Structures are given as structure tokens and as C-alpha cells.
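So the chains spell out like this:
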Amino acid sequence: MRSHRPYTPWLLTAPALLWLAVFSLWPALNTSVLSFTNVHTLSGGSFIGLRNYSLMWQDPHLRDAILNTLVFMAVCVPLLTILPLLLALLVQRTLPFMGFFRTVFYFPVIASAVVVAMIWQWLLDDRGLVNGLARQAGLIHSALPFLTDRWLLLFSAIALTVWKGLGYYMVLYLSALGNVRRELHEAAAVDGAGAVRRFRSVTVPGVRGTMALVAMLVAVNAMRVFAELYVLGGRTGGIGGQDVSLVMLIQQAASGADGRLGYASALSVLLFLLTVGPLLLLARWNRRED
Amino acid sequence: MPREAGRRRSPVFDAVTPLGLTARYLTLLVVLAITVGPMLWELSTSLKSAAEDVYTATPRLLPAHPTTAAYDQVSRTVPIARFALNSLIVAVFCVGGNLAGATAAGYALARLEFRGRRLVLGLFLATLVLPGEVTVISQYQTVARLGFSDSLVGVALPSMIGALNVLLMRNAFLAIPVELEDAAVLDGANVWQRLRYLGLPSVKGTLSVIAILTFIGAWDDFLWPLLVLQSPDKLTLTVGLSYLHSVFSADPRTMAAGTMIALIPVLVLFTALQRFFFRGVGEGAVKG
């Protein structure tokens, strides 16, 4: 017997498919086409072949952006793969107040990156809390230029990203840890394995898949950084304009009265090529887990 | 939850030593200070009076004379209530659209046989590898051509049905035993009745996770509204704040008050709903 009319599934999927087509598939195609044109916000433009791409390699800002992204990834991937796992282990047990800690550790995740960046900007101000406390403790004599120095600004943005990401990845680990068999821990404990040993030979193998997932997510997210650097660096990427990210360059190229949409699209294609590798690995791994 | 602790306790592994417990809670308190410290400092700054030196060399967490003067100052400087309302409108549209659209599509993909189902599913999966930042430029062109640039509709529209949410809903519906569904079909229940009385009650966890995350995502979003909006009365909170920031960055108290107005509503919302969130996450609503 029929469980439904033939058109019912299409009726149900139609809105989602329409959105997918208009706001994902078409923009994806259109972006690649635009990347070969010199279209501006106000003017049609024409095809210019690979000019945008050759222009890109002479763009000193792009070189800065890629260097910054690499530094971001090099610091964030190890920190955000390991610290949230330790945090998840701390709050995983059913002890008093654990629900409270879990909820509060998730607060930075819920906060907008803009809000967080503004909070940190005030903390890291020349006359802000961090410099004030460090000076009082006698660690420094003059304020550290967290928000103006090319590298300190980048590392401030990285610290902010790690701070904001801890809770998010902690929750991913929590749901993975729920599946690690408790008996393994108990057996190991009976055999006299200490906490560190149990962590290495029971916990880590049990969540290895999630660790790979987290590492790749962190890497991809490092390439998508925008608001953190945009706000901390005062919209321009710091005083010398060197603290930019790829997404910032896309935004900069496209904004203004007559934005360079063609060039911004070429940068978008580059961003896609950089992120798609890890994401495909991730999708494949996800399917295998299912 | 002491009740659960009692039930699950095993003598060997759960023999908690006082030393171990102390170390655990001390570590947790340190992490707590690091996570909420910056937010508390911002809150404290926003409540300090103009007479109190916020730059003082010996920082004081508690304001000497707490006042909401900075909050009045923000609303005199920019239409912050309007910004908040705009953010709320966008967030509500996104939540509504995603709950309806993702439920419908997710149910069809999980529970209805039809030709082309695998292809449709593949399309939704494929867009997951497409970061939103890659398509913003072209998306902006599309929204502008539809006549929605510089409007709240334009901000909300593209994220009203997310591919990830469709897949999450599909997963949730897949978890319902097929036998139940078959029995309902035999009883003559139509698709709508099966979705309404069999499907929806079983996927509340995933629905609440989608609602919470969509609301927060829309409220916090920055890059997209920054591209779409220009008129000062249409800005959402995040864009409005960055504007406030670039024009009036002089007074830290005012800035702090502005950030608190953007931060507190989502924190309250999340705290009120965290039970559903963590339960939904436990059911596997968040996976990759």
C-alpha cells in the first residue's frame, strides 16, 4: 500500500531545496564565474580571464593574510584539540556544580565574536586590566602594545579565539566521552593504572576520532577568522594593516561605494580551495563513523 | 546531581579522594575565573560612574558607586533599543524558518521513499563543505537583485533554512523505529498525522538545539549584516556596536554598556534553556 502521494516528499523538501539552490548552489557557481570578471558593485564589468588571480599573487596584504592564517592554525590546532578534552574530563563526572561549570564554560561560545573582541580590547588596552595588573606585579615597566604591535595583536586575536572556542569543543568531547566504555576505565584502574596512564591508554583511544574531527574543525575555523581581527585591529588590521585575514580582505575588497566584487570573488575561491581539503576529509570521516 | 552519583558509583574507580576532589574543583575555579573574568570586568566597567577612574593602577572589580549612567549614555548616542529589536526580528525569522523548513525536509528525507532522495540528500551534504564566507559576495549580489539590500529581510533571508539543520532533523527522524511508522501507515495515518503525532514528539531535543543555536547564530552574526546594512536605523546590534565603537571609542564605560546590552540577552536565554541544549547534545544533535 502507498504511504504517501508521489508529490508529498517534493512538497516537503521544496522550501529547503529552493533555499539551497538560491543561497548556496547559485552563489557558489556565481562566485567562480565572478572571479574571472572585473564586476563592481555599480558597474557590470566584463571577463578579464585570470587577471584577478595574477593580481592576487602581487597583493602584499594576501601574503600577510596567509602568514597570519598559518600562525593561527599552528597555535590553535594543538591548543584547541587538547585543552577542551581536559576540560571535558573535568566536568564529565557527576559531582555537585558540574552542570553550572558546563553552562558557564559555554558562555564565551554564545557571545558574539564582536562583543568578545570589544571586551578583550578593553582588557588589553594600554591602560587596561592586563597591563595594569602586570605592571603592579612588577612584570613590566611600560605597557605592552597588545593592540598596536603587529605580532602581539595577532597573538591577542589567537588567545581570544582559544578562549572563545574552549567551551564549544568541550561539548563535542562531552558527547564523545559518553560513548567511552566505563568498564574499560574500571578494568584499567583495577590493574593499577594511574590517572595519567588511563588518560593515555583508555580515554585518548576512545575519543581519537573526535580529536581528529576537532583538529580539522579548528583548522578550518582558523581560515574563517573575521570579527576577532576586524574589531581588535580597529577595522584596518592594526596600524600597519598587516593583521588581516583572508575573510577581511574579501570584505574590504567588496565594501565601499563601488566594491571590487570580481577580485573579492577570486579571494573567495582561494578561501574555498584552502578549506575544502580538511572539510572533505571530515565529511568522509563522518560518514565512516555513521 | 547527587542522585545519579549514587546510582553510578563503583567502589574502585569512583573512590574519590579528598585531595583529588580539591584539585579538581580548584582547577575548575581557575578556568571559571578565566572564562567569566573578562565578562565580569566589562560588566563592572559599565556600572562605574564617570567620577570613578576606570584606568586606575589598582583595578577594582566592584564599582565604588554603581550607576546605570553609561547605559543612558549609549541610548543617547545610538538607537541601541532599535538595534536590539532589529537583531531580535532577524533571529526570530531565522528560528521560525529553520524549524519549519528543516523539519519538513528532514522528515521527507528520513521517512518518505521517493525517486531522487539520495541525490537531494547528497546536495545538502555537499553544501556542508562550503563555508558561508566563500559565498557572501555572490549572495550579496543575489539579495540586492531581489531588492532586499539594506533591509532586515535581506539579513535574515539566506539563513532561514540551513542545510546542516535539515540533516540534523533527518538524523533525528531516522532514530524513530520504522515499525512505529509502519503501524501508523496501516492504521491509515497520512503523512501530516504521522509527522505531527509520531515524528515531532520524538525530535523535541534536536528541535530545541536547532532553535537555540539558530537564535544565537543570528543574534551574533556580524560579517553578513555588515555587508547588507547601511542605514543607521536598520543596523543589528553587532554592526551597531562596531559603529559605536569606531565613532565613540573614547569612553570605556559607554562601550562596556553597549557590549553588555548585546551579551546579556543571549546569556540569559542560554542559561534558561541549557537543560534542553545539553540534553539535545547528549542525544547526538550536535555532531560535526
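Because the structure is predicted, anything quoted here is derived from the model rather than measured. Once a new chain begins, its residue numbering starts again from 1 and follows that chain's sequence as written. Following the order in which they are written, the chains are lettered starting with A and the ligands numbered starting with 1. Owing to the predicted nature of the model, reporting of local features is limited to residues with pLDDT of at least 70; listing and counting of side-chain atom pairs is limited to 80 or more, with chain, interface and lining totals taken over all residues. Working from all heavy atoms in the structure, the side-chain values ignore hydrogens and water.

**Q** Is there a simple way to explain the confidence of the model for chain B in this structure?
**A** Low-pLDDT portions of the prediction should not be read for the details of their coordinates. Residues and elements named next belong to chain B. Averaged over chain B, the pLDDT score is 88; the fraction of residues at 70 or greater is 91%. Looking at the elements of chain B, mean pLDDT is at its lowest for helix α1 (residues 2-8), recorded as 41, and at its highest for helix α7 (residues 152-156), recorded as 97. Residue-level confidence of the predictor, termed pLDDT, takes values from 0 up to 100. Contacts between residues were defined by any pair of non-hydrogen atoms, one from each residue, lying within 4.5 Å. Residue range residues 1-13 is modelled with pLDDT below 50. Its contacts to residues more than four positions away, or to other chains, number 18 contacts. Strands are runs of DSSP state E lasting at least two residues, helices are runs of H or I lasting at least four, and both sets are numbered from the N terminus onward.

**Q** Any chance you could explain the packing of aromatic side chains here in plain terms?
**A** The geometry of an aromatic ring pair comes down to the distance between the two centres and the angle between the two planes. Here is the rule: rings of Phe, Tyr and Trp (six-membered ring for Trp) pair when centre to centre is within 6.5 Å. Planes less than 30 degrees apart are stacked, more than 60 are edge-to-face, and the remainder are tilted. As enumerated under the stated definition, the model contains 20 aromatic pairs over all chains in all. Ring geometry for F101 of chain A and F105 of chain A: centres 5.8 Å apart, planes at 40°, overall tilted. Pair noted here: F101 of chain A and F105 of chain A are both in helix α4 (residues 98-105), with a separation of four residues, about one helical turn. Judged by centre distance (6.3 Å) and plane angle (70°), the rings of Y106 of chain A and F278 of chain B are edge-to-face. Of the two residues, Y106 of chain A is situated in the loop between α4 and α5 (107-110) and F278 of chain B in helix α14 (residues 252-282); the pairing between them involves two chains. Assigned by exposure class, Y106 of chain A and F278 of chain B land together as buried. Here the aromatic residues F100, F101 and F105 of chain A together with Y25 of chain B are joined through ring pairs into a cluster of three or more. As a reminder, the over-ring test applies to NZ of lysine and CZ of arginine, requiring each to be within 6 Å of the ring centre and within 35 degrees of the ring normal. A cation over a ring is seen here: R127 of chain A above Y55 of chain B, with NZ or CZ 3.7 Å from the ring centre. A cation over a ring is seen here: R150 of chain A above W151 of chain A, with NZ or CZ 4.0 Å from the ring centre. Burial classes: relative accessible area under 20% of the type maximum marks a residue as buried, over 50% as exposed, and values in between as partly exposed (1.4 Å probe, protein chains only).

**Q** Mind showing me how you'd approach the nonpolar core here?
**A** Here is a general trend for soluble globular proteins: nonpolar side chains tend to be buried in one another's company. The definition of a nonpolar core used throughout is a set of buried Ala, Val, Leu, Ile, Met, Phe, Trp, Tyr and Cys residues joined through side-chain atoms within 4.5 Å. With 187 residues, the main nonpolar core has F72, F105 and F226 of chain A together with F124 and F270 of chain B as its most contacted residues. Element by element, the count of residues in this core is highest for helix α8 (residues 150-177) of chain A, at 16 residues. These domain limits were set by an automatic method or by a database of domain assignments. Split by domain, the residues of this core number at least three in each of domain 1 (2-67) and domain 2 (74-282) of chain B. Once you skip the residues sitting within four places of it in the chain, F72 of chain A turns out to touch L154, A157, I158, T161, A222, V225 and L229 of chain A.

**Q** What is the right way to look at the interface of chain B and chain A in this model?
**A** When the parts of a complex come together, some accessible area is lost, and that lost area is often taken as the interface size. Taken residue by residue, the interface counts 98 residues in chain B and 95 residues in chain A. Here's the idea: put two parts together, see how much 1.4 Å probe accessible area each one loses, and the total over both is what we call buried area. Between chain B and chain A, roughly 8800 Å² of surface is buried when both sides are summed, and carbon and sulfur atoms account for 75% of that area. A pairing counts as a salt bridge when a side-chain nitrogen of Lys or Arg comes within 4 Å of a carboxyl oxygen of Asp or Glu. In this assembly, chain B and chain A are joined by one salt bridge. Taking the shortest distance from any N to any O, the salt bridge between E133 of chain B and R224 of chain A comes out at 2.8 Å.

**Q** Before we go on, may I ask you to explain unusual backbone geometry in this structure?
**A** Among all residues except glycine, the phi angle is most often negative; among peptide bonds, the trans geometry is most common. Residue and element names in this part refer to chain A. With phi around 70°, F97 is a residue other than glycine that occupies positive phi space. Structurally, F97 can be placed in the loop between α3 (60-92) and α4. Here the phi dihedral of R235 falls at roughly 75°; this positive angle occurs in a residue that is not glycine. The topology assignment puts R235 in the loop between α12 (227-232) and α13 (246-254).

**Q** Got a minute to help me understand α8 of chain A in this structure?
**A** Residues and elements named next belong to chain A. Given a rise of 1.5 Å per residue, 28 residues ought to cover 40 Å, and the 40 Å separating the end C-alpha atoms of α8 matches this to within 8%. Bend, in this description, refers to the angle at a residue between axes fitted to the seven residues ending there and the seven starting there. G165 marks the point of greatest bend in α8, at about 40°. By the criterion applied in these results, polar contacts are pairs of N or O atoms within 3.5 Å in which, for protein atoms, one can donate a hydrogen and the other can accept it, and in which residues neighboring in sequence qualify only through two side-chain atoms. A distance of 3.0 Å separates the backbone nitrogen of W151 from a side-chain oxygen at the start of α8, and that oxygen is part of D149. Here, expected helix span is obtained from the residue count minus one, scaled by 1.5 Å.

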